[in-house]
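The residues making up each chain are set out below.
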Amino acid sequence: MTKRKLLKALKRIQHLPKGINLLRYSNNKIQALLLDKSKSLKVAYPSSIMIELTNHCNIKCITCAREYAYGDAMAKGFLDFEKFKNIIDEIHPYVDAIGLTGLGETFLYKRIEEAVDYIKSKSKGIIISCSINAHLPKSIEIAEKLINKIDTIQISIDGIGEVYNEVRKTADYNFFLKNTLGILAKAKGSNTDIMFNMVVLKENYHQMSEMLKLCDEIGVKYLNINPMNIVARTDLDNSYYDFYLTKEFKDEYFKTKELAAKYPNLELTFYDFESPARFKKCRFMWNYFYITWDGFVPPCCAKPFPKEKHFGNVFEQPLIEILNTKDYQEFRQDWFDEKNPEFCDKCFNMNLPAIIKE
């Protein structure tokens, strides 16, 4: 467990539900443990969940699944606030962490502050995060309203300077950096962590080690780096993952890991590049679920397109029923059997071989 996650866990422990809700919370944890130990295909109420407030976005990025065929076909909109509250009402008091993020730009949701306040009205201990691109004219103003309410604001950064502009095609690095510095200034000394997330690909891999320096210079304490998941990129096939096995990428990857030790104030986390590809690297079907803006529950956040696959709609039936439908249980059986579902073709968990230091 990373230092950041440990601190969040301690905060959660300090603010557990009270009274009857503590009993419900505890019983759910026991149920989850028993189901896990018995290798049941059923699950208890989740400890973590992602809620997509919107799938609208203000920029276009080559890394984003919404910019390709699946995204072209998807319905777009904003989560109805009353329906949002209904979701929170059901998952409280069981949930420990809520991610208010999805395919879109979270700060486009006009009632984002109300959404955070509503969660906190249920329990101050629920850990809340969101992911943003820091590219709205009012990004700083919106972030300021959430400081000390939201636990982590993750900012997507897929490059530095012109590389950033190449990957995030309709964005401007200078504007992004200005907004990011403004958000960092507002968050300084607060209980809100600012975290960078970098999707690493052919265009930007050579800047991984540079990203450490940038974080140190501007005061970003957390950096996460993931490979690009092409599961929903209809323009690419699995041969793309061969890039991550090249000497050039591996040299930069291991260099970055080693250099991280020189930045004691920065916590670097990486996707697990060094373990073998297999379906069991994915845990989304067990304890981290995704709800789209229009209520559907798809298998994961990398390909959250209900027209391709979903297990039900929370506007029509309780979430806990959806998580334990026959279809969902069969999906988990595939996980036990190491049988890769067709839906997951091209996912990096099952197609990116382990990186070995030579």
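The structure this text deals with has already been given above.
Residues numbered from 1 in each chain as written. Predicted model: local features only at pLDDT ≥ 70, side-chain atom pairs only at ≥ 80, totals over all residues. Heavy atoms only, no water.

Tracing the chain through its elements places R233 in the loop between β6 (222-227) and α10 (247-259). Polar side-chain contacts of R233 include one of 2.6 Å to the side chain of D235. Discounting chain neighbours no more than four positions away, the residues touching R233 are I62, Y68, M228 and K346. (Helix = DSSP H or I, 4+ residues; strand = E, 2+ residues; numbered from the N terminus. Polar contact = N/O pair within 3.5 Å; in protein donor to acceptor, adjacent residues only side chain to side chain. Contact = heavy atoms within 4.5 Å.)

Here the focus is the side chain of N179. The topology assignment puts N179 in helix α8 (residues 173-187). Taking the relative accessible area as the measure of exposure, N179 reaches 4% and is therefore buried. There is a polar contact of 3.0 Å between the side chain of N179 and the backbone oxygen of L136. In contact with N179, not counting residues within four places along its chain, are A134, H135, L136, S139 and I140. (Buried < 20%, exposed > 50% of the residue type's maximum accessible area, 1.4 Å probe, protein only.)

Here we come to the packing of aromatic side chains. Within this structure, the stated rule accounts for 33 aromatic pairs. A centroid spacing of 6.1 Å and a plane angle of 35° characterise the contact between Y173 and F176, whose relative ring orientation is tilted. In this pair, Y173 and F176 are both assigned in helix α8, three residues apart and thus about one turn of the helix distant. Given a relative accessible area of 9%, Y173 falls into the buried group. A relative accessible area of 0% places F176 in the buried class. (Phe/Tyr/Trp six-rings, centres within 6.5 Å; stacked < 30°, edge-to-face > 60°.)

The full count for this structure, using the stated rule, is 20 salt bridges. Residue D193 pairs with K8 through a salt bridge whose shortest N-O separation is 2.9 Å. On the criterion of sequence distance, the pair formed by D193 in strand β5 (residues 193-200) and K8 in helix α1 (residues 3-14) is long-range, its members being 185 residues apart. With a relative accessible area of 17%, D193 lands in the buried category. (Salt bridge = Lys/Arg side-chain N within 4 Å of Asp/Glu carboxyl O.)

An order of β7-β6-β5-β4-β3-β2-β1-β8 is seen for the eight strands of this open sheet, with the pairing classed as parallel. The open sheet has two edge strands with one neighbour each: β7 (267-270) and β8 (288-291). Taken over all neighbouring pairs, the strand axes of this sheet differ in orientation by 20° on average, direction set aside. In terms of strand pairing, β6 meets β7 through four bridges, oriented parallel. The partner of Y222 across the bridge, within β7, is E267. Of the strands in this sheet, β2 (97-100) and β3 (127-132) touch helix α5 (residues 112-122), which is tilted by about 175° from β2. The sheet contacts of helix α9 (residues 208-218) involve β5, β6 and β7, and relative to β5 the element is tilted by about 165°. (Pairing = 2+ DSSP bridges. Axes fitted to C-alpha atoms, helices over the stretch in contact; angles between N-to-C directions.)

On to unusual backbone geometry, then. H92 connects to P93 through a cis peptide bond whose omega is 10°. With respect to the helices and strands, P93 occurs in the loop between α4 (81-91) and β2. Phi at K39 takes a positive value of approximately 55°, unusual for a residue other than glycine. Note that K39 resides in the loop between α2 (19-37) and β1 (48-51). On the accessibility criterion, K39 (60% relative accessible area) is exposed. The phi torsion at A134 lies on the positive side, around 55°, for a residue other than glycine. Among the secondary structure elements, A134 is positioned in the loop between β3 and α6 (139-146). Note on A134: relative accessible area 0%, which makes it buried.

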